[in-house]
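Residue-level structure breakdown
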Amino acid sequence: MDREDRGEKMRIESLDPRISVISRRFANVRKIIAVMSGKGGVGKTLVATTSALILAKEGHKVGLLDLDMHGPSCHIVLNVQALMPREEKGIIPPQVHGVRFMSIEYYARGSPLPLRGSEVSNAILELLAITRWPSLDYLIIDMPPGTGDEVLDLLWLVKRSEALIICTPSKLALSTVRRLAVLLKSLGAPILGIIENMRTEATSLITELAEESGIRYLGWTPYDPNVEKCIGDPRKLLMTDFAKKLAEIVMSSMR
C-alpha cells in the first residue's frame, strides 16, 4: 500500500465511526481465522463450517461468520432454519449446534446481492460493526473466493485475522492459490497455513507450492463421497472420513 492509499484509509477511518466499533466487537475473541481460497469449488465452506463444529465439540467457544457475498452457504451445512439473530444494541448471533453463527444470508434471504465496489465494502463494514460477538476462543470466517474487495477489506478491518488457505490438487486451483499467497504476503497478512482438500491420490503439488510460497502445509483431507449426503446434519458430517481427518489438522494447527 503506497502513501496515497494509506492516507485515504486514514481519512476513511476518521470519517466512518463504524471502523472504530469493529475493533471493540472482536475484543473478546482470542483467535480469528479467515478461511480463504483462490477460486470457488474447493470445499472452503465445508472446511470452515466443519472446523467450527470440531472446535465446538472439543469444548471451545466458537463463532462462525459467513462473509461469502457471492453465495453464503454455511447455513445449509448447519441446517439453520428458524434461528435468527437477536437485536440488543446491535445483533447477537444465535447458537447453532454449539456454534455462534452469523451470516450475510440473514440479509440476502436467498436473493442475489448485486453489490459493486464501495457497496461491497459498506455491506462488510455494516455487518462487522453491528454484530456483537460474545467471548470466543475461535471465530472462523468463511470468505468469498479470490482476491477481491471482500478479502482486502477484511484484512484492513480485522488485522488480527489469520488466513487459512484451502486448495485442491488441481492445476487450475494451484494457479489461483499462488496469486492469493502473493497477495497475502505482499500485505504482510498473517497466514496460518494451507490445507489440501479433496485429495484422491498422493501428490506433491501442494506441498511444493507451500514450500515455494513459504507457507506451512498443514495436511490433507480425502475426497469423501459420503459428505454430500451429510450436509445439513452436523452430527453425521462429523462422522465422515473427511471430518475425522480435518479434526487431526484442526487440533494440531489451530491452537
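Refer to the preceding data block for the structure.
The text that follows walks through the structure, step by step, so that each part is easy to find. Computed from a predicted structure; not experimentally measured.

Moving on, we get to the overall build of the chain. Scanning the chain for helices and strands turns up twelve helices and ten strands. If you line up the chain on its principal axes, its C-alpha atoms span 50 × 45 × 35 Å. Expressed as a percentage of the 255 residues in the chain, the buried residues total 52%. Put simply, the chain shows about 12,400 Å² of open surface, and 51% of that area lies on carbon and sulfur atoms.

Once that is clear, we can look at the sheet that holds strand S6 (residues 99-103). Across the sheet, which stays open at both edges, the eight strands sit in the order S5-S6-S2-S7-S1-S8-S9-S10 with mixed pairing between neighbours. Looking along the sheet, the strands with just one partner apiece sit at the ends: strand S5 (95-96) and strand S10 (217-222). Bridging between strand S1 (residues 29-37) and strand S7 (residues 136-142) involves six bridges; their strand directions are parallel. Residue pairing in the sheet places Ile 33 in a bridge with Ile 140 of S7. Sitting on the sheet, helix H9 (residues 205-213) is in contact with strand S8 (162-167), strand S9 (191-199) and S10, with an inclination near 165 degrees to S9. Against the sheet, helix H12 (residues 241-253) contacts S9 and S10, and its axis sits at roughly 170 degrees relative to S10.

Considering all chains together, one arrives at zero disulfides under this definition. No disulfide involves Cys 74; its nearest neighbouring cysteine sulfur is the one of Cys 230, lying 17 Å away.

Time to look at the layout of surface pockets. The calculated volume of the second largest pocket comes to roughly 380 Å³. Taken together, 22 residues form the lining of the second largest pocket, with Val 42, Gly 43, Lys 44, Thr 45 and Leu 46 sitting closest to its centre. Sorting the residues of the lining of the second largest pocket by element identifies helix H3 (44-57), S9 and helix H10 (227-230) as the ones contributing at least two each. When residues of the lining of the second largest pocket are assigned to their parent elements, the largest contribution, three residues, is made by H3.

So, on to the packing of aromatic side chains. Counted under the stated rule, the structure contains one aromatic pair. A cation over an aromatic ring shows up here: Arg 30 above the ring of Tyr 138, its NZ or CZ 5.0 Å from the ring centre.

Within the secondary structure, Ser 213 sits in helix H9. Beyond its immediate sequence surroundings of up to four residues, Ser 213 is in contact with Ala 181 and Lys 185.

What follows concerns the pairing of S6. For S6, a buried count of four out of five residues is recorded, marking the element as mostly surrounded by other parts of the structure. Two elements, strand S2 (residues 62-66) and S6, share five bridges in a ladder whose sense is parallel. By the bridge assignment, Leu 65 is partnered in S6 with Met 102. The pairing of S5 with S6 spans two bridges and is antiparallel. Directly across from Val 96, in S6, lies its bridge partner Val 99.

Reading guide: rules and limits
- Residues numbered from 1 in each chain as written.
- Predicted model: local features only at pLDDT ≥ 70, side-chain atom pairs only at ≥ 80, totals over all residues.
- Heavy atoms only, no water.
- Helix = DSSP H or I, 4+ residues; strand = E, 2+ residues; numbered from the N terminus.
- Buried < 20%, exposed > 50% of the residue type's maximum accessible area, 1.4 Å probe, protein only.
- Areas by Shrake-Rupley, 256 points an atom, 1.4 Å probe, with all protein chains shown as cover.
- Pairing = 2+ DSSP bridges.
- Contact = heavy atoms within 4.5 Å.
- Axes fitted to C-alpha atoms, helices over the stretch in contact; angles between N-to-C directions.
- Disulfide = S-S within 2.5 Å.
- 1 Å grid on protein atoms, 1.4 Å probe; cavity = no way out; pocket = protein on both sides within 12 Å on 5 of 7 lines; lining within 4 Å.
- Points joined across faces, edges and corners; volume = space filled by probe spheres on them.
- Phe/Tyr/Trp six-rings, centres within 6.5 Å; stacked < 30°, edge-to-face > 60°.
- Lys NZ or Arg CZ within 6 Å of the ring centre and 35° of its normal.

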